[in-house]
Amino acid sequence: MSRNPFFNLSKRTQMRVFPALASCVFTLLAGLSHAQGLADPPGTLRAEDNAAAAVSPLGNVRERSATLRELGIDYEITLRGTQGNIGVPFSVRTDEIVNEATLHLKYSYSPALLPDLSHIKVTVNGVTVGTLPIVAGAGGRALTATLQIDPRVVSDYNHINLQLIGHYARTDEQPDHSSLWANIDSASTLSLVTAPVALANDLALLPLPFFDVHDIRPLELPFFFSQSPDLETLQAAGIVSSWFGTQAGYRGAVFPVSTTALPDSGNAVVFATPQSLPDELATAGGAMSDIDGPTLAVMTHPDDPNGKLLLVLGRDARELRQAAIALALRVPLSGAVARIGELTEPVPRAPYDAPHWISSSRPVMFGDLVSQPQQLNVSSYSPDLIRVGLQLPPDLFVWGRKGIPVNLKYRYTVPESDNKSALNISINETFVTALPLNGRPYAETLPVRWWNSLGARGAMPVEQRLTLPTGPFSANSQLRFHFSFDRPAQEHGNADVSAAIDADSSIDLSSFDHYMAMPNLAAFSNAGYPFTRMADLSESTVVLPNAPNEQDFSNVLTLLGRFGSSTGYPALRVSLALPGDVARHADSDLLVLGSTESQPLYTTWRKQMPVDQGSGTRRFVLSDWLLARLPGFLTSATRRTDLQTTAEVSLQAQPDDVLMMGFESPLKSGRSVVAFVADDASNMSRMFEAWFEPGLLKAFQGSVVLLQDKKVTSLAGNQTYYTGHLPLPTWLRWYFAHHPLWLAVTVLLTCLLLAAAARVLLRLHSIYRRREGRQ
């Protein structure tokens, strides 16, 4: 064992210590040159400090900024009361140190605030970085302020706290008076100037530095193949891209592909065999030049000391896939190079068991839906929201149901007397209900209220059964809880009140069936359905165009990454095919890429497709434009049923159009096809960008989506088919509810049959009695 205790630390600890040591060294240098600067309070950042902090061991300074909305505050901040506050989290990449941090605030405050007693206090990780004074006559105006943050107080995970110290009177004021407020605009920005820090070449750090959970920006990770990959190699790369997609999650991810040269700088993933491994990598990698089996390695970019390369190596495509699976399944790895031994692939996934989706086979505890138990706890009279993410299966059949059952358990500081304190519950921005915080469960009927009053007041936790309406749900919904405490009139201090949602509260989808009218491009764009029905994509096939190019490969990897972000599981069993082999994948859902020239299936399936592309004009045989009456995310029917006639819509085709179509597979009924048509495969990147913008993503509906520039046009077609299964009694009730004429015909026919049967029975009975009379 080494005598130096530093080398006895774990790899991850060493990786954390390196940036800290570098930061300390440069802070010390700054202190030697500017001793007076370090004597200033922590909230003061002098110009000399900035100059010293800009020095980096590796140089190559980077600048970036993010709004408070991009940092997760998706609402306008209103600070209320004498000590209203809000927390804003932000983080710094592990391979960076902060040289400079600046907070640009846009704010306003009540004209009633007293300037000599009021201000807005700003802290970072508990250290005051500035105060915003209240200026007489400036109340109600839109104001701006710039605060410098000492980089020495910034760590990996950080917390900006904005607190209103507000007073409208010198004596006898109400702490929650309506005149005590200040607004912080969510367009306020945080700017960081960072310098890179070299990390060790260690596979144990994965997914660092290729993906860093601290980085809230979309992931862009290039892939390099030294030659055009075959389908098996591309499938292995798809496993890796889908795994990175699971890591990126809500951020989104794109994967540019090159087959000619490595990216000049930054991080990248390299797929190679002994014959195709570039010389500069074999020389720099040392042991990597001898590939004798599935291998994973990480090395420094030969042209960029701040970049890393993740090498997926093998002697053939089968071994490349084995190495990719080992990476995606998080097989324990360490060191710069790891050779993969025998690997047992996991059993195929069952339908609807995606790790990110709420299970429809059992109740799911809220504790399993948050990353940290502390997220379910709040304190103070004006606490922040408690948020629980809910990602539901898109084809959940909710027709005829009142809603989704939730068994809610919560606890709170019980008010001394009944007042207006309440727990407000909402789904996204839609209010659901309010539960009074009076120490007893809430009941709507008088007898139950009387029964609850017999119990002890204040028994915790309070257990409440709720039914959540399905209308407000989207692909990625938030169940939001806001504890609103009514401060007693005699209470003027900052009394200690707290509340929590118990981790064993649960949501139960086990009584719901899966059934959906198709095509439904909203379900595809938001959740990857129907491909993500199997989390490992075992019933999905991606059909590339003939002679695919680099951009086609990139589109495949990006789509698989998006599926991974939806399911939380890598695409271990997805199939890839060329147009000539598609018949062998008839029992699959098909994702088809290409242009009308490069993809012959668009000609072969022309009669089954909802779009007829003529010379320069696209004609849509559709029921109508999707106007304001767009279907919800959870619905039993996705077609417009209020239109009786069929309209033909004609649009002038543009060279940069991207067309997405959904229709039933011509190869097998009940299977789906989602087709992307783009004359230039690079235009698909615009479709991916639209998916990353919530405002545009909402417009993806129906059977056809046409993207022209930044305009999204959605249409609903006449073709309808169904996926999933319903029990026969449920199916009959649903079918006749939507087809009352057939119900009338069925009832009439049933009556006629019963009448005929009764007539026959009566005639037989009459004949029998006549025979008895003769005897």
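Residues numbered from 1 in each chain as written. Predicted model: local features only at pLDDT ≥ 70, side-chain atom pairs only at ≥ 80, totals over all residues. Heavy atoms only, no water.

Draft legend 1. Spatial organisation of the overall build of the protein chain. For the protein chain, the helix and strand inventory stands at 14 helices and 41 strands. Taking all 775 residues of the protein chain together, the buried fraction comes to 50%. In the protein chain, 78% of the contacts between residues at least 6 apart in sequence involve partners at least 24 apart. Within the structure as shown, the protein chain displays about 36,000 Å² of accessible surface, and the carbon and sulfur contribution to it stands at 54%. (Helix = DSSP H or I, 4+ residues; strand = E, 2+ residues; numbered from the N terminus. Buried < 20%, exposed > 50% of the residue type's maximum accessible area, 1.4 Å probe, protein only. Contact = heavy atoms within 4.5 Å. Areas by Shrake-Rupley, 256 points an atom, 1.4 Å probe, with all protein chains shown as cover.)

Draft legend 2. Expanded view of the nonpolar core. If you look at the biggest cluster of nonpolar residues, it comprises 80 residues, and the most contacted ones within it are Phe223, Phe244, Phe271, Met660, Phe676 and Trp691. Setting aside its immediate chain neighbours within four residues, Phe676 contacts Phe524, Leu559, Leu591, Val592, Leu593, Gly594, Tyr602, Leu659, Met660, Met684, Met687 and Trp691. (Core = buried A, V, L, I, M, F, W, Y, C linked by side-chain atoms within 4.5 Å.)

Draft legend 3. Summary view of the packing of helix H9 (residues 550–567) against helix H11 (residues 684–691). For the pair H9 and H11, the least separation of the axes is 11 Å and the interaxial angle reads 15°. In terms of axis orientation, H9 runs roughly parallel to H11. For the element pair H9 and H11, the recorded crossing hand is left-handed. On H11, the residues that touch Asn555, Thr558, Leu559 and Arg562 of H9 are Met684, Phe688 and Trp691. (Axes fitted to C-alpha atoms, helices over the stretch in contact; angles between N-to-C directions. Parallel < 35°, antiparallel > 145°, perpendicular 65-115°, else oblique. Left-handed = near helix turned anticlockwise from the far one by under 90°.)

Draft legend 4. Spotlight on the packing of aromatic side chains. For the structure on display, the rule yields 27 aromatic pairs. Pairing Phe524 with Trp691 gives two aromatic rings, centres 6.0 Å apart and planes at 70°, and the pair type is edge-to-face. Within this pair, whereas Phe524 is found in helix H8 (residues 521–527), its partner Trp691 is found in helix H11, the two being separated by 167 residues in sequence. Summarising the burial analysis for this pair, Phe524 and Trp691 share the class buried. Among the aromatic residues, those joined into a cluster by ring pairs are Phe524, Phe531, Phe563, Phe676, Phe688, Trp691 and Phe700. The cationic tip of Arg349 hangs over the ring face of Tyr569; the distance from NZ or CZ to the ring centre is 4.2 Å. Sitting over the ring of Phe512, Arg401 keeps its end group 4.1 Å from the ring centre. (Phe/Tyr/Trp six-rings, centres within 6.5 Å; stacked < 30°, edge-to-face > 60°. Lys NZ or Arg CZ within 6 Å of the ring centre and 35° of its normal.)

Draft legend 5. Summary view of the pattern of salt bridges. Tallying each qualifying case throughout the model produces 26 salt bridges. With a closest N to O distance of 2.4 Å, Asp150 and Arg152 form a salt bridge. Ionic pairing is found between Asp589 and Arg671, a salt bridge with its closest N-O pair at 3.3 Å. Note that Asp589 is positioned in strand E33 (residues 589–594) and Arg671 in the loop between strand E37 (658–664) and strand E38 (672–678), a separation of 82 residues in sequence. (Salt bridge = Lys/Arg side-chain N within 4 Å of Asp/Glu carboxyl O.)

Draft legend 6. Broad picture of the sheet that holds strand E22 (residues 396–397). A sheet is described by the order of its strands in space; here three strands give the open sequence E22-E30-E41, paired in antiparallel fashion. Of all the strands in the sheet, just E22 and strand E41 (721–725) have a single pairing partner and so form its edges. Where strand E30 (residues 513–518) lies against E41, five bridges are found, and the strand directions are antiparallel. Bridge pairing in E41 places Tyr515 opposite Gly724. (Pairing = 2+ DSSP bridges.)

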